[in-house]
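Structure assessment
These are the residues of each chain, in order.
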Amino acid sequence: MINTLPNGRVFCTIEKEFVCEEVLMLECFYPDVYISSTYQIDFQKYYDSGYRGIIFDIDNTLVPHGAPADTRSIRLIESLKKMGFQILLLSNNKEPRVKMFNDAVHVHYIFKAGKPGRAGYRKAMEQMGTNEKNTLFVGDQLFTDVWGARNTGIFSILVQPIDKKEEIQIVLKRYLEKIVLFFYQRKCKGEKERW
């Protein structure tokens, strides 16, 4: 919910059942972690911290847009399953695209998920048998992946897109994402300097 204070500052309120605070409007889109690649994430650290489910976006998170599962993504998902994680692919794509990828990795999946809406994220946790406190989300887009995870109360990890060639509607969103990431990185730098 968007609110404007008398002094003109704009705030976004996240539903109180998940987060009991108001945050600056841009902070609604801030990931919990921002890292260069899915393949650089220390998943063992998250498992040791009590996380048991991972929801992944597919395109530009695990493989280039439209690509089938490759050796690297297959190995990653196999290692995560051996570690003890439940895995689910959450995509706004149609079933043929999601199924093509999933045929190589054999995990739960939801197609036409309606991200950033909460329903897909909630259904994902239900299928995995996890909850907001022990589920991670990994994706490459702020305004769908991260915003949806954050509004559902899930820890979010934003990764840089694998492939720079994208559909026009995503290219346009990337320009807006740059603005949000500028302020996010400035905030992170300021917090590091205080320590």
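Conventions used here
Every residue gets a number counted from 1 within its own chain, in the order that chain's sequence is written. In keeping with the model being predicted, local features are shown solely for residues with a pLDDT of at least 70 and side-chain atom pairs are shown and tallied solely at 80 or more, while totals for entire chains, interfaces and linings include all residues. Side-chain figures throughout are based on the complete set of non-hydrogen atoms in the structure, without hydrogens or water. Whenever a carboxyl oxygen of Asp or Glu lies within 4 Å of a side-chain nitrogen of Lys or Arg, that contact is scored as a salt bridge. Here a strand is any run of E in DSSP of at least two residues, a helix any run of H or I of at least four, and the numbering for each starts at the N terminus. A simple rule labels every residue: compare its accessible area, found with a 1.4 Å probe on the protein chains alone, to the largest value its type can have, and call it buried under 20%, exposed over 50%, or partly exposed in between. Only strands joined by at least two bridges in the DSSP assignment are considered to pair. By definition, pLDDT measures how confident the predictor is in each residue, and it falls between 0 and 100. Here, residues are in contact when the closest pair of their heavy atoms is within 4.5 Å. By convention, a crossover is right-handed whenever its connection, traced from the first strand over the helix to the second and viewed with the strands pointing away, goes clockwise.

A few words on the pattern of salt bridges. For the structure on display, the rule yields five salt bridges. In this structure, Arg97 and Asp59 form a salt bridge, with 2.6 Å as the shortest nitrogen-oxygen distance. Of this pair, Arg97 sits in helix 3 (residues 95-105) while Asp59 sits in the loop between strand 5 (53-56) and helix 2 (71-83), placing them 38 residues apart in sequence. In this structure Asp59 comes out as buried when scored by relative accessible area, which is 8%. Residue Lys81 pairs with Glu78 through a salt bridge whose shortest N-O separation is 3.3 Å. In this pair, Lys81 and Glu78 are both assigned in helix 2, three residues apart and thus about one turn of the helix distant. The exposure class assigned to Lys81 is partly exposed, which follows from its relative accessible area of 29%. Judged by relative accessible area, Glu78 falls into the partly exposed class, the value being 31%. One network of salt bridges, with partners in common, ties together Asp57, Lys115 and Asp145.

Turning our eyes to something else, we now look at the pairing of strand 9 (residues 155-159). Counting buried positions over the five residues of strand 9 gives four, a clear majority of the element. Note that strand 4 (residues 33-35) and strand 9 share three bridges and pair parallel. Within strand 9, the residue paired with Ile35 across the bridge is Val159. Relative to strand 9, strand 8 (residues 135-139) is paired through four bridges, and the arrangement is parallel.

For the rest of this paragraph, the subject is the confidence of the model for the chain. Looking at the chain, pLDDT values average 83 and 77% of them are 70 or higher. Counting interchain partners and residues more than four positions distant, the pLDDT-below-50 stretch residues 1-23 has 43 contacts.

For strand 6 (residues 86-90), a buried count of four out of five residues is recorded, marking the element as mostly surrounded by other parts of the structure. As paired elements, strand 5 and strand 6 share four bridges and run parallel to each other. Bridged to Phe56 within strand 6 is Leu89. For the crossover from strand 5 across helix 2 to strand 6, the handedness is right-handed. Across three bridges, the pairing between strand 6 and strand 7 (residues 108-110) is parallel.

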